[in-house]
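# Reading the structure
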Amino acid sequence: MKRKQREQTPTRTTTMRVSANFGRRFALIEDSAPGVAVQARTMGKRLRPVTGDRVEANALEGEKDWVITQILDRDNTLVRPDARGRPETLAANVELIVVVACPAPAADFFIVDRYLAAARLMRAAGLLVWNKCELAPLPDDAQAYVDIGYPLVQTSTKTPSGIDALRDAISGKRSIFVGQSGVGKSSLINAICRAPIQRIGEISTASEEGKHTTVAAQLVTTPDGVALIDSPGVRDYAPSITNMADVAEGFGEIADAAARCRFANCRHRSEPVCAVKLAVADGCISERRYASYLRLAQLTRQLNTGRY
Ligand code: GDP
Ligand code: ZN
(Lines give C-alpha, C1' and ligand atoms only; values in the text may rest on other atoms or scores of the structure.)
(Ligands and ions follow the chains in the order given, each with its own letter.)
Protein backbone atom coordinates (compact mmCIF):
# COMPACT_ATOMS: atom_id res chain seq x y z
CA MET A 1 0.00 0.00 0.00
CA LYS A 2 1.34 3.35 -0.94
CA ARG A 3 1.71 5.35 2.19
CA LYS A 4 0.53 8.89 1.85
CA GLN A 5 3.32 11.24 2.78
CA ARG A 6 2.45 13.13 5.89
CA GLU A 7 1.62 16.73 5.30
CA GLN A 8 4.47 18.82 6.64
CA THR A 9 3.55 22.37 5.93
CA PRO A 10 6.12 24.73 7.38
CA THR A 11 4.31 27.24 9.55
CA ARG A 12 7.19 29.73 9.25
CA THR A 13 10.86 29.89 8.35
CA THR A 14 13.01 31.63 10.88
CA THR A 15 16.70 32.39 11.19
CA MET A 16 17.83 30.76 14.40
CA ARG A 17 21.10 30.20 16.28
CA VAL A 18 22.31 26.70 17.18
CA SER A 19 22.82 26.70 20.95
CA ALA A 20 23.71 23.03 21.39
CA ASN A 21 24.24 19.94 19.33
CA PHE A 22 23.98 16.39 20.57
CA GLY A 23 24.44 13.83 17.87
CA ARG A 24 21.97 14.65 15.13
CA ARG A 25 19.75 16.79 17.29
CA PHE A 26 20.06 20.45 18.05
CA ALA A 27 18.78 23.17 20.31
CA LEU A 28 17.95 26.47 18.60
CA ILE A 29 17.44 29.93 20.02
CA GLU A 30 16.65 33.33 18.62
CA ASP A 31 19.41 35.86 19.30
CA SER A 32 16.78 38.29 20.52
CA ALA A 33 15.31 35.76 22.98
CA PRO A 34 18.17 33.47 24.04
CA GLY A 35 16.24 32.12 27.04
CA VAL A 36 13.83 30.08 24.91
CA ALA A 37 15.16 27.03 23.09
CA VAL A 38 13.41 24.74 20.62
CA GLN A 39 14.54 21.31 19.51
CA ALA A 40 15.51 20.61 15.95
CA ARG A 41 16.84 18.08 13.53
CA THR A 42 18.33 18.57 10.10
CA MET A 43 16.72 17.92 6.76
CA GLY A 44 18.97 15.11 5.54
CA LYS A 45 22.33 14.03 6.89
CA ARG A 46 24.38 16.28 4.68
CA LEU A 47 23.75 19.35 6.82
CA ARG A 48 26.08 19.43 9.79
CA PRO A 49 25.35 22.47 11.91
CA VAL A 50 27.49 23.22 14.95
CA THR A 51 26.96 25.37 18.01
CA GLY A 52 27.08 29.04 17.09
CA ASP A 53 25.78 28.48 13.57
CA ARG A 54 23.04 30.66 12.10
CA VAL A 55 20.52 28.42 10.40
CA GLU A 56 17.25 28.65 8.54
CA ALA A 57 14.71 26.48 10.32
CA ASN A 58 11.06 25.62 9.92
CA ALA A 59 8.55 24.95 12.62
CA LEU A 60 6.27 22.15 11.38
CA GLU A 61 2.60 21.94 12.11
CA GLY A 62 1.90 19.37 14.79
CA GLU A 63 5.55 18.51 15.41
CA LYS A 64 7.76 19.34 18.34
CA ASP A 65 10.97 19.26 16.32
CA TRP A 66 11.90 22.11 14.06
CA VAL A 67 13.71 21.23 10.84
CA ILE A 68 16.96 22.93 9.89
CA THR A 69 17.05 23.50 6.14
CA GLN A 70 20.17 25.59 5.67
CA ILE A 71 23.34 26.75 7.42
CA LEU A 72 24.10 30.41 6.78
CA ASP A 73 27.66 31.51 5.93
CA ARG A 74 30.04 31.18 8.86
CA ASP A 75 32.34 34.01 9.95
CA ASN A 76 34.77 31.44 11.33
CA THR A 77 35.00 27.96 12.80
CA LEU A 78 36.79 26.32 15.69
CA VAL A 79 38.34 23.17 14.30
CA ARG A 80 40.35 20.48 16.05
CA PRO A 81 41.52 17.01 15.09
CA ASP A 82 39.12 14.31 16.29
CA ALA A 83 40.23 11.00 17.85
CA ARG A 84 41.25 9.73 14.40
CA GLY A 85 43.08 12.91 13.49
CA ARG A 86 40.41 14.18 11.11
CA PRO A 87 39.35 17.81 11.43
CA GLU A 88 36.25 18.23 13.56
CA THR A 89 34.36 21.51 13.74
CA LEU A 90 33.50 22.31 17.35
CA ALA A 91 31.77 25.64 16.96
CA ALA A 92 31.19 28.50 14.55
CA ASN A 93 30.90 32.28 14.62
CA VAL A 94 33.14 32.92 17.61
CA GLU A 95 33.53 36.66 18.20
CA LEU A 96 35.88 36.76 21.18
CA ILE A 97 38.58 34.43 22.47
CA VAL A 98 39.19 34.92 26.18
CA VAL A 99 42.69 33.69 27.03
CA VAL A 100 43.10 32.94 30.73
CA ALA A 101 46.50 32.85 32.42
CA CYS A 102 47.46 32.98 36.09
CA PRO A 103 50.43 32.82 38.47
CA ALA A 104 49.91 29.16 39.46
CA PRO A 105 50.17 27.06 37.34
CA ALA A 106 52.87 29.38 36.03
CA ALA A 107 51.79 31.39 33.01
CA ASP A 108 53.25 30.25 29.71
CA PHE A 109 53.10 33.32 27.51
CA PHE A 110 54.00 31.36 24.39
CA ILE A 111 50.68 29.56 24.83
CA VAL A 112 48.98 32.94 25.29
CA ASP A 113 50.62 34.22 22.09
CA ARG A 114 49.51 31.15 20.20
CA TYR A 115 45.88 31.59 21.27
CA LEU A 116 45.93 35.30 20.48
CA ALA A 117 47.47 34.59 17.07
CA ALA A 118 44.74 32.02 16.40
CA ALA A 119 42.12 34.62 17.40
CA ARG A 120 43.50 37.17 14.93
CA LEU A 121 43.60 34.59 12.16
CA MET A 122 39.98 33.68 12.88
CA ARG A 123 39.08 37.37 12.86
CA ALA A 124 37.89 37.06 16.42
CA ALA A 125 38.85 39.58 19.08
CA GLY A 126 41.24 38.56 21.86
CA LEU A 127 41.04 39.34 25.56
CA LEU A 128 43.58 38.40 28.21
CA VAL A 129 42.47 37.50 31.72
CA TRP A 130 44.99 37.45 34.56
CA ASN A 131 43.17 35.21 37.05
CA LYS A 132 44.12 34.37 40.66
CA CYS A 133 45.33 37.99 40.81
CA GLU A 134 45.20 37.85 44.61
CA LEU A 135 48.23 35.53 44.45
CA ALA A 136 50.65 37.72 42.51
CA PRO A 137 50.77 41.15 40.88
CA LEU A 138 50.45 41.42 37.14
CA PRO A 139 53.82 40.48 35.59
CA ASP A 140 55.44 42.78 33.01
CA ASP A 141 54.98 40.14 30.30
CA ALA A 142 51.20 40.30 30.84
CA GLN A 143 51.13 44.11 31.05
CA ALA A 144 52.95 44.16 27.69
CA TYR A 145 49.78 42.90 25.95
CA VAL A 146 48.02 46.13 26.91
CA ASP A 147 50.81 48.08 25.16
CA ILE A 148 50.08 46.24 21.90
CA GLY A 149 46.37 46.89 22.16
CA TYR A 150 44.85 43.87 23.89
CA PRO A 151 42.26 44.41 26.59
CA LEU A 152 43.24 42.84 29.90
CA VAL A 153 41.13 42.11 32.96
CA GLN A 154 42.53 41.01 36.30
CA THR A 155 40.26 38.64 38.19
CA SER A 156 40.05 36.53 41.28
CA THR A 157 37.24 34.07 41.81
CA LYS A 158 38.32 33.74 45.45
CA THR A 159 38.30 37.29 46.81
CA PRO A 160 36.31 37.78 44.39
CA SER A 161 37.35 40.68 42.17
CA GLY A 162 37.17 41.73 38.54
CA ILE A 163 34.23 39.41 37.79
CA ASP A 164 31.86 42.26 36.90
CA ALA A 165 34.54 43.87 34.72
CA LEU A 166 35.07 40.57 32.91
CA ARG A 167 31.33 40.07 32.45
CA ASP A 168 31.11 43.58 30.96
CA ALA A 169 34.09 42.91 28.68
CA ILE A 170 32.56 39.78 27.16
CA SER A 171 28.93 40.84 27.18
CA GLY A 172 27.32 40.85 23.74
CA LYS A 173 30.10 38.82 22.11
CA ARG A 174 29.93 35.10 21.46
CA SER A 175 32.99 34.04 23.43
CA ILE A 176 35.09 31.05 24.29
CA PHE A 177 37.43 30.65 27.26
CA VAL A 178 40.75 28.97 26.61
CA GLY A 179 43.99 28.50 28.53
CA GLN A 180 46.09 25.92 30.31
CA SER A 181 44.35 23.47 32.59
CA GLY A 182 44.00 24.77 36.15
CA VAL A 183 44.05 28.51 35.37
CA GLY A 184 40.43 28.86 36.53
CA LYS A 185 38.31 28.77 33.37
CA SER A 186 35.47 26.76 34.95
CA SER A 187 35.55 28.88 38.09
CA LEU A 188 35.39 32.08 36.04
CA ILE A 189 32.58 30.82 33.82
CA ASN A 190 30.52 29.85 36.85
CA ALA A 191 31.22 33.20 38.52
CA ILE A 192 30.22 35.12 35.38
CA CYS A 193 27.02 33.12 34.96
CA ARG A 194 26.39 33.48 38.71
CA ALA A 195 25.66 29.74 38.94
CA PRO A 196 27.18 26.43 37.90
CA ILE A 197 26.12 26.11 34.30
CA GLN A 198 23.66 23.41 33.47
CA ARG A 199 24.52 21.15 30.58
CA ILE A 200 21.74 20.88 28.03
CA GLY A 201 21.92 17.07 28.21
CA GLU A 202 20.90 17.24 31.86
CA ILE A 203 17.77 19.28 31.29
CA SER A 204 14.75 17.08 31.88
CA THR A 205 12.96 18.27 28.77
CA ALA A 206 15.87 17.20 26.58
CA SER A 207 15.18 14.38 24.17
CA GLU A 208 16.05 10.81 25.11
CA GLU A 209 18.79 10.97 22.54
CA GLY A 210 20.08 14.15 24.10
CA LYS A 211 20.42 12.49 27.46
CA HIS A 212 22.68 9.78 26.11
CA THR A 213 24.87 11.79 23.81
CA THR A 214 27.71 14.04 24.80
CA VAL A 215 27.05 17.65 24.03
CA ALA A 216 29.80 18.78 21.65
CA ALA A 217 29.53 22.40 22.68
CA GLN A 218 26.86 24.53 24.23
CA LEU A 219 26.04 28.20 23.91
CA VAL A 220 25.40 29.42 27.44
CA THR A 221 23.53 32.71 27.66
CA THR A 222 22.55 34.92 30.59
CA PRO A 223 20.01 37.75 30.77
CA ASP A 224 22.86 40.28 31.00
CA GLY A 225 24.18 39.47 27.53
CA VAL A 226 26.77 36.77 28.17
CA ALA A 227 26.97 34.28 25.29
CA LEU A 228 29.63 31.70 26.02
CA ILE A 229 30.34 28.72 23.84
CA ASP A 230 31.58 26.09 26.23
CA SER A 231 32.53 22.43 26.39
CA PRO A 232 35.55 20.51 27.65
CA GLY A 233 36.72 20.31 24.03
CA VAL A 234 36.46 24.05 23.56
CA ARG A 235 38.37 24.75 26.78
CA ASP A 236 41.17 22.38 25.71
CA TYR A 237 41.21 23.83 22.24
CA ALA A 238 44.79 23.92 20.94
CA PRO A 239 44.97 26.00 17.81
CA SER A 240 47.11 24.72 14.99
CA ILE A 241 48.25 27.18 12.39
CA THR A 242 48.89 25.34 9.18
CA ASN A 243 49.99 28.07 6.82
CA MET A 244 53.46 29.62 7.26
CA ALA A 245 52.39 32.90 5.72
CA ASP A 246 49.73 33.21 8.41
CA VAL A 247 52.09 33.13 11.37
CA ALA A 248 53.22 36.77 11.14
CA GLU A 249 49.59 37.82 10.56
CA GLY A 250 48.79 36.34 13.96
CA PHE A 251 51.06 38.89 15.65
CA GLY A 252 49.54 42.31 14.99
CA GLU A 253 52.64 44.40 15.76
CA ILE A 254 54.81 42.09 13.62
CA ALA A 255 52.31 42.18 10.74
CA ASP A 256 52.35 46.00 10.91
CA ALA A 257 56.15 46.22 10.78
CA ALA A 258 56.33 43.52 8.09
CA ALA A 259 54.61 45.86 5.66
CA ARG A 260 57.91 47.80 5.59
CA CYS A 261 60.19 44.80 4.95
CA ARG A 262 62.15 44.88 1.71
CA PHE A 263 60.93 41.48 0.56
CA ALA A 264 57.24 40.72 0.42
CA ASN A 265 57.97 37.12 1.41
CA CYS A 266 60.33 38.14 4.25
CA ARG A 267 60.32 35.58 7.10
CA HIS A 268 61.83 38.14 9.50
CA ARG A 269 64.50 35.63 10.40
CA SER A 270 67.81 35.99 8.58
CA GLU A 271 67.00 38.49 5.84
CA PRO A 272 69.59 41.30 5.74
CA VAL A 273 67.14 44.21 5.81
CA CYS A 274 64.04 43.43 7.81
CA ALA A 275 61.73 46.01 9.35
CA VAL A 276 60.59 43.51 11.98
CA LYS A 277 64.13 42.80 13.18
CA LEU A 278 64.84 46.54 13.22
CA ALA A 279 61.73 47.14 15.32
CA VAL A 280 62.88 44.43 17.74
CA ALA A 281 66.34 46.03 17.94
CA ASP A 282 64.70 49.42 18.60
CA GLY A 283 62.56 47.96 21.36
CA CYS A 284 59.32 48.70 19.46
CA ILE A 285 58.51 44.99 19.27
CA SER A 286 59.17 42.96 22.40
CA GLU A 287 61.92 40.35 22.14
CA ARG A 288 59.65 37.87 23.88
CA ARG A 289 56.86 38.27 21.31
CA TYR A 290 59.41 38.05 18.49
CA ALA A 291 60.80 34.84 20.03
CA SER A 292 57.22 33.50 20.17
CA TYR A 293 56.77 34.37 16.52
CA LEU A 294 59.97 32.50 15.57
CA ARG A 295 58.95 29.50 17.67
CA LEU A 296 55.46 29.37 16.19
CA ALA A 297 56.91 29.76 12.68
CA GLN A 298 59.26 26.85 13.42
CA LEU A 299 56.38 24.71 14.70
CA THR A 300 54.31 25.50 11.65
CA ARG A 301 57.25 24.72 9.37
CA GLN A 302 57.65 21.32 11.01
CA LEU A 303 53.96 20.59 10.45
CA ASN A 304 54.35 21.51 6.81
CA THR A 305 57.68 19.93 5.93
CA GLY A 306 57.72 19.58 2.22
CA ARG A 307 55.37 22.46 1.62
CA TYR A 308 57.82 25.14 2.76
P1 GDP B 1 40.26 25.17 34.68
O2 GDP B 1 40.99 23.87 34.58
O3 GDP B 1 40.96 26.24 33.91
O4 GDP B 1 38.81 25.09 34.35
O5 GDP B 1 40.41 25.66 36.21
P6 GDP B 1 39.37 25.50 37.44
O7 GDP B 1 38.29 26.50 37.36
O8 GDP B 1 39.00 24.07 37.56
O9 GDP B 1 40.31 25.94 38.63
C10 GDP B 1 41.51 25.27 38.96
C11 GDP B 1 41.86 25.52 40.42
O12 GDP B 1 42.14 26.89 40.61
C13 GDP B 1 40.71 25.18 41.35
O14 GDP B 1 41.25 24.58 42.51
C15 GDP B 1 40.10 26.53 41.70
O16 GDP B 1 39.49 26.56 42.96
C17 GDP B 1 41.34 27.42 41.67
N18 GDP B 1 41.02 28.82 41.36
C19 GDP B 1 40.17 29.30 40.42
N20 GDP B 1 40.15 30.65 40.45
C21 GDP B 1 41.00 31.03 41.42
C22 GDP B 1 41.42 32.31 41.93
O23 GDP B 1 40.98 33.38 41.49
N24 GDP B 1 42.34 32.29 42.94
C25 GDP B 1 42.85 31.13 43.44
N26 GDP B 1 43.76 31.22 44.42
N27 GDP B 1 42.48 29.92 42.99
C28 GDP B 1 41.56 29.86 41.99
ZN1 ZN C 1 61.03 41.09 7.63
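What comes next is a walk through the structure. (Residues numbered from 1 in each chain as written. Chains lettered and ligands numbered in written order. Predicted model: local features only at pLDDT ≥ 70, side-chain atom pairs only at ≥ 80, totals over all residues. Heavy atoms only, no water.)

## Some points on the coordination of the zinc ion (ligand 2)
At this site the zinc ion (ligand 2) is bound by Cys261 (SG), Cys266 (SG), His268 (ND1) and Cys274 (SG), with donor distances of 2.1 to 2.4 Å. Coordination at the zinc ion (ligand 2) is tetrahedral: its four donor atoms span angles of 103 to 120° at the metal. (Donors = N, O, S within 2.8 Å, 3.2 Å for Na, K, Ca; no water. Tetrahedral: all angles 85-135°; square planar, octahedral: opposite > 155°, others 65-115°.)

## Remarks on the site of ligand 1
Close to ligand 1 lie 15 residues; Glu134, Thr157, Gly182, Ser186 and Ser187 are nearest. Relative to its free-state accessible area of 580 Å², ligand 1 is covered by the protein chains to the extent of 72%. Grouping the amino acids of the shell around ligand 1 by side-chain chemistry returns two nonpolar, nine polar and four charged. (Near = heavy atom within 4 Å. Areas by Shrake-Rupley, 256 points an atom, 1.4 Å probe, with all protein chains shown as cover. Nonpolar A, V, L, I, M, F, W, Y, C, P; charged D, E, K, R; others polar.)

## Looking at the packing of helix H1 (residues 109–121) against helix H2 (residues 140–147)
Closest axis-to-axis distance for the H1/H2 pair is 11 Å, and the angle between their directions is 25°. Taken together, the axes of H1 and H2 are roughly parallel relative to one another. Judged by the sense of rotation from one axis to the other, the crossing of H1 with H2 is right-handed. Here Phe109, Val112, Asp113 and Leu116 of H1 lie close against H2, whose contacting residues are Asp141, Ala142 and Tyr145. Classifying every residue of the contact of H1 with H2 gives five nonpolar, no polar and two charged. (Axes fitted to C-alpha atoms, helices over the stretch in contact; angles between N-to-C directions. Helix = DSSP H or I, 4+ residues; strand = E, 2+ residues; numbered from the N terminus. Parallel < 35°, antiparallel > 145°, perpendicular 65-115°, else oblique. Left-handed = near helix turned anticlockwise from the far one by under 90°. Contact = heavy atoms within 4.5 Å.)

## Overview of the pairing of strand S5 (residues 66–71)
Note on strand geometry: in a regular strand, side chains alternate between the two faces of the sheet. Here strand S3 (residues 33–42) runs beside S5; their pairing, made up of three bridges, is parallel. Opposite Arg41, over in S5, you have Val67 as the bridge partner. In terms of strand pairing, strand S4 (residues 54–60) meets S5 through five bridges, oriented antiparallel. Residue pairing for S5: Val55 is matched across the bridge by Ile71. Where S4 folds back onto S5 in an antiparallel hairpin, the turn is made up of five residues, including Gly62, whose phi is positive at roughly 75°. (Pairing = 2+ DSSP bridges.)

## Considering the pattern of salt bridges
Applying the stated rule across the entire model yields 15 salt bridges. As a salt-bridge pair, Asp31 and Arg17 come within 2.8 Å of each other at their nearest N and O atoms. Of this pair, Asp31 sits in the loop between strand S2 (25–30) and S3 while Arg17 sits in strand S1 (residues 10–22), placing them 14 residues apart in sequence. On the basis of relative accessibility, which here comes to 39%, the residue Asp31 falls in the partly exposed class. We note a salt bridge from Arg167 to Asp224, for which the minimum N-O separation is 3.9 Å. Placement of the pair is Arg167 in helix H3 (residues 163–170) and Asp224 in the loop between strand S12 (218–221) and strand S13 (227–230), with a sequence separation of 57 residues. (Salt bridge = Lys/Arg side-chain N within 4 Å of Asp/Glu carboxyl O. Buried < 20%, exposed > 50% of the residue type's maximum accessible area, 1.4 Å probe, protein only.)

## Points about unusual backbone geometry
Outside of glycine, negative phi angles account for most residues, and trans bonds account for most peptide bonds. With an omega dihedral of 5°, the bond running from Ala104 to Pro105 counts as a cis peptide bond. Positionally, Pro105 belongs in the loop between strand S8 (96–101) and H1. The backbone of Arg123 sits at a positive phi, close to 60°, despite the residue not being glycine. Topologically, Arg123 is positioned in the loop between H1 and strand S9 (125–130). The exposed category is assigned to Arg123, whose relative accessible area is 77%. Its identity as a non-glycine residue notwithstanding, Lys132 has a phi of 60°, on the positive side. Its location among the elements puts Lys132 in the loop between S9 and H2.

## Focus: the packing of H1 against helix H10 (residues 287–303)
At their nearest, the axes of H1 and H10 sit 10 Å apart, and the two run at 70° to each other. Judged on the interaxial angle alone, H10 and H1 are roughly perpendicular. Only Arg288, Arg289, Ser292, Arg295, Leu296 and Leu299 of H10 make contact with H1, whose side of the interface consists of Phe109, Phe110, Asp113, Arg114 and Ala117. In the contact of H1 with H10, the residues fall into five nonpolar, one polar and five charged.

## Quick notes on the packing of aromatic side chains
All told, the structure shown has four aromatic pairs when counted by the stated rule. Seen in terms of ring centroids, Phe251 and Tyr293 are 6.1 Å apart; in terms of plane orientation they differ by 85°. Their pairing is edge-to-face. A residue pair is termed long-range when its members are at least 10 positions apart, and Phe251 in the loop between helix H7 (244–249) and helix H8 (252–258) and Tyr293 in helix H10 qualify at 42 residues. Here the aromatic rings of Tyr290 and Tyr293 are separated by 6.3 Å at their centres, their planes lie at 25°, and the arrangement is stacked. Placement of both Tyr290 and Tyr293 in helix H10 is noted, with a separation of three residues, approximately one turn of the helix. A relative accessible area of 4% means that Tyr293 is categorised as buried. (Phe/Tyr/Trp six-rings, centres within 6.5 Å; stacked < 30°, edge-to-face > 60°.)

Honestly, it's all geometry; don't read function into it.
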